[in-house]
Amino acid sequence: MKSYKTLLAGAALGLTVALNSCDILDRDPNIITEDQFYTSPEQAQLGLNAVYGVMNSWQLYGCTLVLDLGYNTDISMYLSTTNSSMYGATFELDANSASVSDPWTWLYKGIGNANAFLEKISGTDLDPDGSMCAQARFLRAYYHFILAQNWLDVPLKTTATASYKDVKIEATPQHEVMKWVVSEMEDVLPLITESFDHAPSDVTRTTVHGILGRIYLYMAGEAVSGVTDEEKHAYFAKAAEHCKAVIDSGLHRLNPDYSQIFINYVADKYDKEYHESMWEVDFYGDRSSSMYFGNSRWGELNGLRCVSADTDYASHKVNWANGLFANTYKLWELFMEDDRTPYERGLSVITDKRQEWSIPSFNYEGTRDIATLYPYGGDPSDRRKLIAAVDRTPYYSSADPAGRNTNVDPSFYPGGRYIGKFRRETQYEGLKNFKSIWTGINVPLLRYSDVILMYVEAVNELDHKPTEELYNMILPLRERAGVQTPSFSKYNTYEKFRQFVRNERARELCFEGLRKHDLIRWGIYYESMMEVRNMAMSNSKWSGTGSARNFITLTGRMSKRNNYLPIPSIELAVNTGMKQNPLW
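Conventions adopted
Residues numbered from 1 in each chain as written. Predicted model: local features only at pLDDT ≥ 70, side-chain atom pairs only at ≥ 80, totals over all residues. Heavy atoms only, no water. Helix = DSSP H or I, 4+ residues; strand = E, 2+ residues; numbered from the N terminus. Buried < 20%, exposed > 50% of the residue type's maximum accessible area, 1.4 Å probe, protein only. Polar contact = N/O pair within 3.5 Å; in protein donor to acceptor, adjacent residues only side chain to side chain. Core = buried A, V, L, I, M, F, W, Y, C linked by side-chain atoms within 4.5 Å. Contact = heavy atoms within 4.5 Å. Pairing = 2+ DSSP bridges. Salt bridge = Lys/Arg side-chain N within 4 Å of Asp/Glu carboxyl O.

**A closer look at the side chain of Ser277**
Item 1. Here Ser277 is to be found in strand β2 (residues 277-281).
Item 2. For Ser277, a relative accessible area of 8% corresponds to the buried category.
Item 3. A polar side-chain atom of Ser277 sits 2.6 Å from a polar atom in the side chain of Glu280.

Below, the structure written as structure tokens:
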């Protein structure tokens, strides 16, 4: 079944017929405006597609919202200190930055599409079971959650904009917005299908349960002001309830092969067997033609670096990737040291399959004039100049390349490795016969492993007393990763189990765009960044490297105001009911 990204790409043909003299080329396909748009179920479906469709914009999940604004954390970092378009990644943004105004504008565009759709479809025979309106209401609520999560108090819009007066709306307090969000989502829950026919691009009932679990956990944390202790307790209980509903449904399982989850995203394939990927943003095309005009740079900005100028594309094993993000040493330590048995901690080899896939011991940069290395994992007798885009290139010391490299020592260069989770290797993505910075790689929004970890976290926070049953729920994630786990006795207190779960979230979900808001809801984002900054300055295994120096520079620009974003200047200029956020 075609996903909404495919339907949007083909919308021009259908709309040309439906709108007669209206020239589709003069219209923004992501904006709902025409009254005659909804005269058939097919047109109604296109309208719903437009509510979903804002997510696969460059301004939201294609780049800005996650990669620019959300990727600098204690476990991942930007590899440059200046960039004219990545103001969030360099901690140089302000209220005038496009990095701030673009996601704000597109989130409200999605809300506007939802409001217009609902006003035209609700109560009509175009949506007899109410399922399309239920999805639109869920998405409208989800966009409000992302706004409140990033900008705190924001305008709550539940009606379509009819005049210029409708843009002057005072901000609703963050807590009130989120209470409205969960109320909306719970209200539509019975109307959302359990069927996987259009999943994971469209939401299902278990998807909504999982997202509700995430939102309630956020509300129960330290990021939302004005929440009482009694309310926190209730929110943890609701988070556990919704996550348990997903688990008890029996509709989702862990894919036994961790790497296959991400190969599916890269190859644009849906997991129809395990349904571990519960919700993902579809991206359509690499801009090789107008029919494949995608907006994503996943795998290109956060991939294994390959900037080869060679145009013999048929020989390439990986497509173009600037590779501007990498791991910090803290993530390496979380994999190699924390929550490991004494036996495994003493090993010099990588045993966690998640580590091996997410931050592999190679890239595709080539070795330029150095001819003393052999391809990573290859024949030691095959020493030569390694070719960019063709040879898996081990990390190496320029002072002693033959003696110090990741073929010889897998633990060499532990911080600053390029990200392999969404790698553009041609065996998965397919060969691109041009320098393609745009990808069709899908972006995960919710995985079943995340739901499991949210559930055990919520119950531990609720009861302040971990159980062996909760501990046992985490073991399948670690068994899939191929690592041993210390006994429950090591985690039998509230504080120890909480740290175990937080560490496991970093290992399991690294580079999926969740870490920053995890740290914020735990109330430790700024503090965690400063801890890793100290690591970059003093840890002998990382300090002095280029990535460590970059992290020191970037975090030197941080303050606690980076827990949230400034209200865009363009909003303040037209909406006199809004005020700028504190510290901005």
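From this point, things continue past the structure.
**A few points about unusual backbone geometry**
Item 1. With an omega dihedral of 5°, the bond running from Ala199 to Pro200 counts as a cis peptide bond.
Item 2. With respect to the helices and strands, the residue Pro200 is situated in the loop between α8 (174-188) and α9 (205-220).
Item 3. Notably, Asp268 is not glycine yet its phi reads approximately 60°, a positive angle.
Item 4. Position of Asp268 relative to the elements: it lies in the loop between α11 (258-267) and β2.
Item 5. Overall, the relative accessible area of 33% leaves Asp268 in the partly exposed class.

**Points about the nonpolar core**
Item 1. The biggest cluster of nonpolar side chains holds 148 residues, and the ones touching the most others in it are Met55, Tyr61, Tyr142, Met185, Trp279 and Phe325.
Item 2. Here this core takes 14 residues from helix α7 (residues 131-151), the largest share from any one element.
Item 3. Apart from the residues within four sequence positions on either side, Met185 is in contact with Phe138, Ala141, Tyr142, Val208, Ile211, Leu212 and Ile215.
Item 4. Counting 9 residues, the second-largest nonpolar core is a separate cluster that includes Phe362, Tyr364, Tyr395 and Tyr418.

**Some words on the pairing of β2**
Item 1. For β2, a buried count of 5 out of 5 residues is recorded, marking the element as mostly surrounded by other parts of the structure.
Item 2. Summarising the sheet, β2 and strand β6 (residues 443-447) pair through 4 bridges and their orientation is antiparallel. Residue pairing in the sheet places Ser277 in a bridge with Arg447 of β6.

**Things to note about the pattern of salt bridges**
Item 1. Under the criterion given, the structure shown has 39 salt bridges.
Item 2. Here Glu184 makes a salt bridge to Arg140, at a shortest N to O gap of 3.0 Å. Highlighted residues: Glu184 in helix α8 and Arg140 in helix α7, separated in sequence by 44 residues. No difference in accessibility class separates Glu184 from Arg140, as the two residues are buried.
Item 3. Lys179 is the partner of Glu176 in a salt bridge, and the nearest nitrogen-oxygen pair spans 3.1 Å. With a gap of 3 residues between them, Glu176 and Lys179 both fall in helix α8, about one helical turn apart.
Item 4. Residue Glu176 is classed as partly exposed on the basis of its relative accessible area of 38%.
Item 5. Three or more residues joined by partner-sharing salt bridges are found here, namely Glu276, Asp339, Asp352, Arg354, Lys421, Arg447, Arg478, Arg480, Glu504, Arg507, Glu508 and Glu512.

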